[in-house]
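Per-entry structural report
The lines below spell out each chain.
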Amino acid sequence: MTGPLIVLVGPMGVGKSTVGELLAERLGTTYRDTDADVVASAGKPIPEIFYDEGEDHFRALERQAVRAAVAEHTGVLSLGGGAVLDATTRELLADHTVVYLSMDVDEAVKRVGLNTARPLLAVNPRRQWRELMEARRHLYAEVARTTVATDDRTPDEVAQTILDALELPERTGDSPVPHGRENTRMTEQGPTRIQIAGTAGTDPYEVLVGRQLLGELPTLIGNRAKRVAVLHPEALAETGEAVREDLASQGYEAIAIQLPNAEEAKTVEVAAYCWKALGQTGFTRTDVIVGIGGGATTDVAGFVAASWLRGVRWIAVPTTVLGMVDAAVGGKTGINTAEGKNLVGAFHPPAGVLCDLAALDSLPVNDYVSGMAEIIKAGFIADPAILDLVEADPEGARTPTGQHTAELIERSIRVKAEVVSSDLKESGLREILNYGHTLAHAIEKNERYKWRHGAAVSVGMVFAAELGRLAGRLDDATADRHRAILESVGLPLTYRGDQWPKLLENMKVDKKSRGDLLRFIVLDGLGKPTVLEGPDPAILLAAYGEVSA
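Position numbers for residues count from 1 along each chain, tracking the sequence in the order it is written. pLDDT decides what is reported in this predicted model: residues at 70 or higher carry local features, side-chain atom pairs at 80 or more are listed and counted, and totals for whole chains, interfaces and linings draw on all residues regardless. The basis for the side-chain values is all heavy atoms of the structure; hydrogens and waters are excluded.

Examining the overall build of the chain
Just so we agree on the cut-off: By the criteria applied, helices consist of DSSP H or I runs no shorter than four residues and strands consist of E runs no shorter than two, each listed in order from the N terminus. Burial classification: accessible surface area is computed with a 1.4 Å probe over protein chains only, and a residue below 20% of its type maximum counts as buried, one above 50% as exposed, and the rest as partly exposed. Should any heavy atoms of two residues lie within 4.5 Å, those residues are considered in contact. The protein chains shown are the only cover counted for residues, whose accessible areas, like all others here, come from Shrake-Rupley with a 1.4 Å probe.
Counting its regular elements, the chain contains 22 helices and 16 strands. Here the chain holds 549 residues, and the buried ones make up 56% of them. The contacts in the chain between residues at least 6 apart in sequence include a share of 74% that link residues at least 24 apart. When the accessible surface of the chain is split by element, carbon and sulfur atoms take 49% of a total near 22600 Å².

The structure is reproduced here in structure tokens:
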């Protein structure tokens, strides 16, 4: 009988793709994934199919994909987690070699984590996982010839167990499986850990970048904490409650504090609301705050942590590009006032940062692109390789599915990590991170914080590039490169020309100013930021003319 050599079934997050690719390699055959087939035929990610057309439509596409793959594919095949719900699919698998990969609920939550791209686990991962498994476990077992538990096993160990159980020989000849593959594979799968050195009496901490990182949260919280406060924006109410429930199930007295969305959260009234909640809960110095959300949420969470009892530990779980590469790293916390952005705040580094890339899968495109401004900024001030990656695939840079997404985010975080590790309190080197921000903050204030931060920074960088060019600091090619790269990913290059007087007044109260002396970060060349103090007003006006709409 023709058909797949092995069919892998099991719940989402169990590792079917990783194990399937390993099996295919060891058996000298090819690998196919029906979820990937569905995405290719629909022309959109699975979460979008669920949200746009509903689960029934997705299941119909899945049924067609399974039928085609079983008929056509002769290598290793993996099916989506819910494929076995369909009776015709189960009948189709009856005469094939099916392996059920299983895992328990605790392992599932660790692996799936905050992945909002999993539509059926979008609210409470732990509870919904149990409900899904109650409905599916007997179906997996029904179609399977053998069951292999994946708990506490590496993907290589799982693959080897399958080969042993089915008595299938590994390929031999000119292309043996490399010795020591286990260590290599686990290194590739594990999160990237970026160290932030402790300075000015602060402790060092790590920024973790990867997927399925929720399991790291209890380790960061530690055993000394009795209470945990989960701060989250209204838009992530379900995620915040799910994390709270998960922490509560692990023995913490966990509360969830809902904040307004975006910049509306960064007010003294919101901070006071959080202080009240902490006071009523009996929060002590050994307890921990967790901030889940974008840059505004982590700014507020960090500020509340810095100010409550003169400083308690906090953990950042950024869910946007901007939050991951900028706001959550470095310990700058703050709120806005009527006089300007982030004028009230504190330097209070987190105990750790979890950048779960899965959280970006459902981020609206405009929010994702906004975060690209900070990534591109890191390229201009310190790591030109970032610019090369964006130029190589500007369309891919606009989406979390781009081939360079993880590298772009990791490189940007490393730039900030190197700077803040040597200058926590912005007394010198750290100022370079404000490239484009002097005008950007003025624009944001002028727009009552309705503009996305990244959009304002994009205009601010073009302005800074023109200012550097007019001041004789920056060459034409690098100045022009700003416009080309920012425009290629869809970021704005201009702002209203009639607003210059207001913007100039706003910039005079910027944190980087000294008295009435305006200070700007400009470039002496690619990767060579410097400070320009008190530029000629005529040059400032001319530079703004280059970004005026």
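Notes on the pattern of salt bridges
Test applied: When a carboxyl oxygen of Asp or Glu lies within 4 Å of a side-chain nitrogen of Lys or Arg, that pair is called a salt bridge.
Tallied over the full model, the rule gives 34 salt bridges. In this structure, Arg 244 and Glu 241 form a salt bridge, with 2.8 Å as the shortest nitrogen-oxygen distance. Placement of both Arg 244 and Glu 241 in helix H11 (residues 237-249) is noted, with a separation of three residues, approximately one turn of the helix. Across the pair Arg 519 and Glu 533 runs a salt bridge, and its minimum N-O distance is 2.2 Å. In this pair, Arg 519 is assigned in strand E15 (residues 519-523) and Glu 533 in strand E16 (residues 529-533), connecting sequence segments 14 residues apart. A residue is classified by how much of its surface remains accessible, and Glu 533, at 43% relative accessible area, is partly exposed. Salt bridges sharing partners connect three or more residues here, namely Glu 466, Arg 469, Asp 476, Asp 480 and Arg 483.

Side note on the side chain of Asn 446
Threshold: What qualifies as a polar contact is a pair of N or O atoms within 3.5 Å, subject to a donor-acceptor requirement within protein and to the restriction that residues adjacent in sequence count only when both atoms come from side chains.
When you line up the elements, Asn 446 lands in helix H18 (residues 437-446). Asn 446 gets classed as buried once you look at its relative accessible area, which sits at 16%. Here the side chain of Asn 446 touches Gln 499 through a polar contact of 2.9 Å, side chain to side chain. If near-sequence neighbours (up to four positions away) are discounted, Asn 446 is found in contact with Tyr 495, Arg 496, Gln 499, Lys 502, Leu 503 and Asn 506.

Looking at H11
Operational definition: Take the residue count of a helix, subtract one, and multiply by 1.5 Å to get its expected span. The arc refers to the directions leading from the helix axis to the C-beta atoms.
Taking 1.5 Å of rise per residue, the 13 residues of H11 would be expected to cover 18 Å, and the 18 Å separating its terminal C-alpha atoms lies within 8% of that figure. Taken together, the buried positions of H11 are occupied by Thr 239, Gly 240, Ala 242, Val 243, Asp 246 and Leu 247. Each buried residue of H11 sits inside an arc of 160° when the element is viewed along its axis, so together they form one side. Looking one or two residues past H11, Gly 251 carries a phi angle of roughly 105°, positive in sign.

Focus on the pairing of strand E12 (residues 332-337)
So the rule is basically this: Paired strands, in this sense, are two strands between which DSSP finds at least two bridges.
Here five bridges tie E12 to strand E13 (residues 340-347), and the two strands are oriented antiparallel to one another. Opposite Thr 333, over in E13, you have Ala 346 as the bridge partner.

Describing the nonpolar core
For clarity, the cut-off: Among the buried residues, those of types Ala, Val, Leu, Ile, Met, Phe, Trp, Tyr and Cys that are joined through side-chain atoms within 4.5 Å form a nonpolar core.
Judged by nonpolar contacts, the single largest core of 95 residues is most densely connected at Val 207, Ile 289, Ile 376, Ile 409, Ile 413, Tyr 435 and Phe 463. Excluding residues within four positions of it along the chain, Ile 289 makes contact with Ala 229, Leu 231, Leu 278, Phe 283, Ala 301, Val 304, Ala 305, Val 312, Arg 313, Trp 314 and Ile 315. Of all hydrophobic cores here, the second largest spans 19 residues; its members include Leu 208, Leu 213, Val 230 and Val 243.

Things to note about the environment of Thr 478
By the secondary structure assignment, Thr 478 is in helix H20 (residues 476-488). Between the alpha carbons of Thr 478 and Asp 524 there is a distance of 9.9 Å; along the sequence they are 46 residues apart. In contact with Thr 478, other than residues within four places in its own chain, are Phe 380 and Leu 526.

Examining the sheet that holds strand E4 (residues 98-102)
Spelled out, the test is: Lines fitted to the C-alpha atoms define the axes, with helices restricted to the stretch that makes contact. Angles between their N-to-C directions range from 0 to 180 degrees.
The strand order across the open sheet built from five strands is E2-E3-E1-E4-E5, with neighbouring strands paired in parallel fashion. With one partner strand each, in any of the chains shown, strand E2 (31-33) and strand E5 (146-149) form the two edges of the open sheet. Sheet twist, expressed as the mean angle between neighbouring strand axes with direction ignored, is 25°. Two strands pair when backbone bridges link them, and E4 and E5 are joined in this way by four bridges, in the parallel orientation. Paired with Ser 102 across the bridge in E5 is Ala 149. Lying over the sheet, helix H1 (residues 16-27) contacts strand E1 (6-9), E2, strand E3 (76-78) and E4, oriented at roughly 165° with respect to E1. On top of the sheet, helix H8 (residues 155-166) reaches E1, E4 and E5; it is set at about 155° to E5, its chief contact.

Quick look at the confidence of the model for the chain
For the record, the criterion: Every residue is assigned a pLDDT by the predictor, reflecting its confidence on a scale from 0 to 100.
Looking at the chain, pLDDT values average 86 and 88% of them are 70 or higher. Here residues 172-188 scores under 50 on pLDDT; set against residues more than four positions off or in separate chains, the count is 14 contacts.

A word on the packing of helix H3 (residues 46-53) against helix H4 (residues 55-72)
Condition: When an angle is under 35 degrees it counts as roughly parallel; over 145 it counts as roughly antiparallel; between 65 and 115 it counts as roughly perpendicular; any other value is oblique. Gly counts as polar in this scheme, as do all residues outside two lists: the nonpolar Ala, Val, Leu, Ile, Met, Phe, Trp, Tyr, Cys and Pro, and the charged Asp, Glu, Lys and Arg.
Axis separation between H3 and H4 bottoms out at 7 Å; the angle between their running directions is 130°. In terms of orientation, H3 lies oblique with respect to H4. When H3 is examined against H4, the residues Ile 46, Ile 49, Phe 50 and Glu 53 are found in contact with a partner set consisting of Glu 55, His 57, Phe 58, Arg 59 and Leu 61. Tallied by class, the residues present in the contact of H3 with H4 amount to five nonpolar, one polar and three charged.

Section: helix H12 (residues 268-281)
The first and last C-alpha atoms of H12 sit 20 Å apart over 14 residues, in line with the 20 Å expected at 1.5 Å per residue. If you check which residues of H12 are buried, you get Val 270, Ala 271, Cys 274, Ala 277 and Leu 278. Down the axis of H12, the sector holding all buried residues measures 120°, keeping them to one side. Facing away from the buried side of H12 by more than 90 degrees, the exposed set consists of Glu 269, Lys 276 and Gln 280. Of the surrounding secondary structure, the elements contacted by the buried residues of H12 are strand E8 (227-233), strand E9 (253-259), strand E10 (288-293) and helix H13 (295-307).

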